[in-house]
Amino acid sequence: MNRRQFVRTALTATATVGVAGCSGSGTNSGGAPDVDPDTADVEVAIGRNAPQNQSPYEDSVGNVVPRESEELSMSDVIFQRAGERGIVVAGDATNTGDRVLRPLNAEVVLYNRDEEGHGVRDATSTQAERDRLGAGDTWQWAVTFGSDPSFPIDYFTVQIVANFA
């Protein structure tokens with residue numbers, strides 16, 4: 001499935017869930033993660049400035065330190081403002097190691113800087129989860145925020161954590 005079709009599918013699923021009055025789906029439940037970030041075997045994280053348009057944006061956030069892993073890689077991260085459907089952040093997570101990862105948790109946090117531009121005034125987060133990712137496999141994850149938060153979004157972070165099976 002190509003990236004545009006994947007994001008379109010994620011947006012459609014979010015709209016359907018919102019109409020049904022549910023709080024989430026199996027891949028975007030927003031519930032408690034199955035992986036504790038403090039004790040996870042594998043972690044990868046990035047921070048990016050939030051664009052105003054709907055195209056991919058690659059500028060890194062200066063005060064967020066990216067974390068890389070030899071067992072897991074994150075690529076093709078996009079941030080899209082999807083009108084009344086809210087905000088979608090999506091990307092690929094690839095198991096670059098030779099061991100199965102199980103379970104995986106992707107958490108996206110949207111931030112608003114304070115007046116000085118150094119601290120955080122507001123933040124909101126949601127998560128996507130996957131049970132298993134085999135060696136060499138890629139997970140096309142997406143998280144959706146059902147509506148634009150009540151604050152301006154300056155930047156976002158993505159953290160994916162996993163344990164070895």
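Structure: above.
Below you will find a few notes about this structure. These numbers come from a predicted model, not from an experiment.

## Focus: the packing of aromatic side chains
The geometry of an aromatic ring pair comes down to the distance between the two centres and the angle between the two planes.
Part 1 of the argument: With the rule as written, the count across this model stands at two aromatic pairs.
Part 2 of the argument: Between phenylalanine 79 and phenylalanine 156 the ring centres are 5.1 Å apart and the planes differ by 25°, which places this aromatic pair in the stacked class. Of this pair, phenylalanine 79 sits in strand S2 (residues 72–81) while phenylalanine 156 sits in strand S7 (residues 155–164), and the two are 77 residues apart along the sequence.
Part 3 of the argument: The class of phenylalanine 79 is buried, set by a relative accessible area of 1%.

## Digging into the pattern of salt bridges
Part 1 of the argument: Counted according to the given criterion, the structure contains three salt bridges.
Part 2 of the argument: A salt bridge links glutamate 43 to arginine 67; the shortest N-O distance between them is 2.8 Å. Of this pair, glutamate 43 sits in strand S1 (residues 42–49) while arginine 67 is found in the loop between S1 and S2, placing the two residues 24 residues apart along the sequence.
Part 3 of the argument: According to the relative accessible area criterion, arginine 67 is partly exposed, its value standing at 39%.
Part 4 of the argument: Between aspartate 131 and arginine 102 there is a salt bridge, with its nearest N and O atoms 2.8 Å apart. Taken together, the positions of aspartate 131 in the loop between strand S5 (120–130) and strand S6 (138–145) and arginine 102 in strand S4 (residues 101–113) put the pair 29 residues apart, joining distant regions of the chain.

## A few points about the sheet that holds S2
Part 1 of the argument: On the basis of which strands lie adjacent, the open sheet formed by three strands has the order S2-S3-S6 and antiparallel pairing. Only two strands of the sheet have a single partner each, and these edge strands are S2 and S6. Looking at each pair of strands side by side, their axes are set apart by 15° on average, direction ignored.
Part 2 of the argument: Taken together, the eight bridges between S2 and strand S3 (residues 87–95) define a ladder with antiparallel strand orientation. Residue arginine 81 lies in a different strand from S3, and its bridge partner there is isoleucine 87.

## Re the nonpolar core
Nonpolar side chains in soluble globular proteins generally cluster together in the buried interior.
Part 1 of the argument: Core analysis: the biggest nonpolar cluster contains 28 residues, and Leu72, Val89, Val108, Trp141, Phe156, Val158 and Ile160 have the highest contact counts within it.
Part 2 of the argument: Secondary structure elements with two or more residues in this core: S1, S2, S3, S4, S6 and S7.
Part 3 of the argument: Top contributing element to this core by residue count: S4, with five residues.

Thresholds, definitions, all that
- Residues numbered from 1 in each chain as written.
- Predicted model: local features only at pLDDT ≥ 70, side-chain atom pairs only at ≥ 80, totals over all residues.
- Heavy atoms only, no water.
- Phe/Tyr/Trp six-rings, centres within 6.5 Å; stacked < 30°, edge-to-face > 60°.
- Helix = DSSP H or I, 4+ residues; strand = E, 2+ residues; numbered from the N terminus.
- Buried < 20%, exposed > 50% of the residue type's maximum accessible area, 1.4 Å probe, protein only.
- Salt bridge = Lys/Arg side-chain N within 4 Å of Asp/Glu carboxyl O.
- Pairing = 2+ DSSP bridges.
- Axes fitted to C-alpha atoms, helices over the stretch in contact; angles between N-to-C directions.
- Core = buried A, V, L, I, M, F, W, Y, C linked by side-chain atoms within 4.5 Å.

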